Amino acid sequence: MIKISLFNLKNKVALVTGGATGIGKAICSVLKESGADVVSTYHKNKPEDDSITYLKCDVQKKSHVIKTVRKVIKLYGKIDILVNNAGIFFPTPIDRIDEKAWHNILDTNLTAAMLFCREVSRYMKSRKSGSIINIASIAGLQAFSSSLAYNVSKSGLIMLTKTLANDLGKYNIRVNAIAPGVISTNMTKALLNNKNFVAMIKSTVPLRREGQPEEIAGAALYLASKASSYTTGQVFVIDGGWTCHL
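All figures in this text were calculated on a predicted structure; none of them were measured in a lab. (Residues numbered from 1 in each chain as written. Predicted model: local features only at pLDDT ≥ 70, side-chain atom pairs only at ≥ 80, totals over all residues. Heavy atoms only, no water.)

**Regarding the overall build of the protein chain**
(1) Moving on: In terms of helices and strands, the protein chain carries 7 helices and 7 strands.
(2) Moving on: When the helices and strands of the protein chain are placed in sequence order, the string is β-α-β-β-α-β-α-β-α-β-α-α-α-β.
(3) Moving on: Considered along the principal axes of its C-alpha atoms, the protein chain spans approximately 50 × 45 × 40 Å.
(4) Moving on: Taking all 246 residues of the protein chain together, the buried fraction comes to 48%.
(5) Moving on: Relative to all contacts within the protein chain whose residues are 6 or more apart in sequence, the contacts with residues 24 or more apart total 71%. (Helix = DSSP H or I, 4+ residues; strand = E, 2+ residues; numbered from the N terminus. Buried < 20%, exposed > 50% of the residue type's maximum accessible area, 1.4 Å probe, protein only. Contact = heavy atoms within 4.5 Å.)

**Examining the nonpolar core**
(1) Moving on: Grouped together as the largest cluster of nonpolar side chains are 31 residues, with contacts concentrated most on Leu15, Ile79, Leu82, Phe116 and Ile132.
(2) Moving on: Contributions of two or more residues to this core are made by β1 (13-16), α2 (62-76), α3 (99-127), α4 (148-168) and β6 (173-180).
(3) Moving on: Here Phe116 is in contact with Leu15, Thr17, Thr41, Cys57, Val59, Val65, Thr68, Val69, Leu82, Asn84 and Ser121, once residues within four sequence places are set aside.
(4) Moving on: Within the second largest apolar cluster, 28 residues are counted, among which are Ala26, Ile178, Ala219 and Ala220. (Core = buried A, V, L, I, M, F, W, Y, C linked by side-chain atoms within 4.5 Å.)

Written out as structure tokens, the structure is:
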């Protein structure tokens, strides 16, 4: 019998990147509700929420990543859960993409996650415990047109997940990924305001709609908790059934 107490995160410390809005905000909320002390990074506007500790961080800068991790350790003494959620998207068709756009997306979506994994895993190793959750995308599993940099960043994040799961398992550190489909957030607002795109979602996705951030947060809670203690190196697809056609 599965005990609900397996999902209890009391006395756990979670660091969530990009937790000010969208999926990250929903993940912060569910981890907090489950008992964890939650720290979130933000880039521009600090949210007004006293229940979560917010630290300003430009995830593209290595010095900011290192400073953020050290700050969390100073405040709480440990990091039990890392959620690499910070990410950006804008179209990058091959005939118009330049190096600046390429690096902007790759540095935010992939390199930053690697840096946070590197810094946080050092502390997790000493405790021989930890859960790392990378928010990937179904764009890392199948190619979407005009999204070269985003597709590559998310496929890279999936391989980062699998490689680290293999390398860190001996330290009892679990590394998994969540691959959402189209979720209603600020990042997808323009897409979901496009009638043709919405029509495509309704005709292609079996559940006939986009997802909500809270529908991703539940999987994050599972992966952060003891309920998933024998789960590592996996990619959890939450896309309304979109990829069941593959």
